[in-house]
Amino acid sequence: MFEAANIRDWIGLSVVDEGDDKVGTLESIYYDTTTSEPAFASVTTGVMGFQKLVFVPLAGAVVAPKHLRVAFTKKVIKDAPSISTDGELDASLEPAVFEHYGLAYTTGAGGERRLGRR
């Protein structure tokens, strides 16, 4: 589980990988709809004019005063499923995001989405 008093305070700050290489900027948090816990971060990556949002799990992440360190390498994160910077994570893309990181994906009991943005 990811522990942070208020993860929204880190939106706009740097996201670094497990080796402290900058991956991008924290754009938003997606919560697990079954537990209401922060589950994934969307991270803005790329250069001006060619930016995208990638998704990275918050399990094992650590907050620091000026960045969020996630438990994956920059290459794995940059190869993750992505959306445009003005897009929303579509329900049909959720299974691919989980699969990319080797995580099991299940919908809610009524077939509802697993991730929700707040």
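That block above? That's the structure.
Below, the structure is looked at part by part.

Criteria and thresholds
Residues numbered from 1 in each chain as written. Predicted model: local features only at pLDDT ≥ 70, side-chain atom pairs only at ≥ 80, totals over all residues. Heavy atoms only, no water. Buried < 20%, exposed > 50% of the residue type's maximum accessible area, 1.4 Å probe, protein only. Helix = DSSP H or I, 4+ residues; strand = E, 2+ residues; numbered from the N terminus. Pairing = 2+ DSSP bridges. Salt bridge = Lys/Arg side-chain N within 4 Å of Asp/Glu carboxyl O.

## Here's the deal with the pairing of strand β4 (residues 52–57)
So, point 1. The buried count for β4 comes to five of six residues, which makes it a mostly enclosed element.
So, point 2. Looking at chain direction, strand β3 (residues 38–45) and β4 are connected through six bridges and run antiparallel. Pairing of Ser 42 across the sheet is with Phe 55, part of β4.
So, point 3. Counted between consecutive antiparallel strands, the loop separating β3 from β4 contains six residues, among which Gly 46 sits at a positive phi close to 100°.
So, point 4. As judged from the two bridges shared by β4 and strand β7 (residues 82–83), these two strands associate in the antiparallel manner.

## What to know about the pattern of salt bridges
Once their charged atoms are close, side chains differing in charge can pair, the charge on each being opposite to the other.
So, point 1. On inspection of all chains with the given rule, the structure shows six salt bridges.
So, point 2. With its nearest N and O atoms 3.0 Å apart, the salt bridge here joins Glu 27 to Arg 117. Of this pair, Glu 27 sits in strand β2 (residues 22–32) while Arg 117 is found in strand β8 (residues 115–117), placing the two residues 90 residues apart along the sequence.
So, point 3. Where Glu 94 meets Arg 113, a salt bridge forms, and the shortest distance between an N and an O atom there is 2.9 Å. In this pair, Glu 94 is assigned in helix α2 (residues 94–100) and Arg 113 in the loop between α2 and β8, connecting sequence segments 19 residues apart.
So, point 4. By relative accessible area, Glu 94 is classed as buried at 0%.
So, point 5. Since its relative accessible area comes to 32%, Arg 113 is described here as partly exposed.
So, point 6. It is possible to trace a salt-bridge network through shared partners that takes in Glu 27, Glu 88 and Arg 117.

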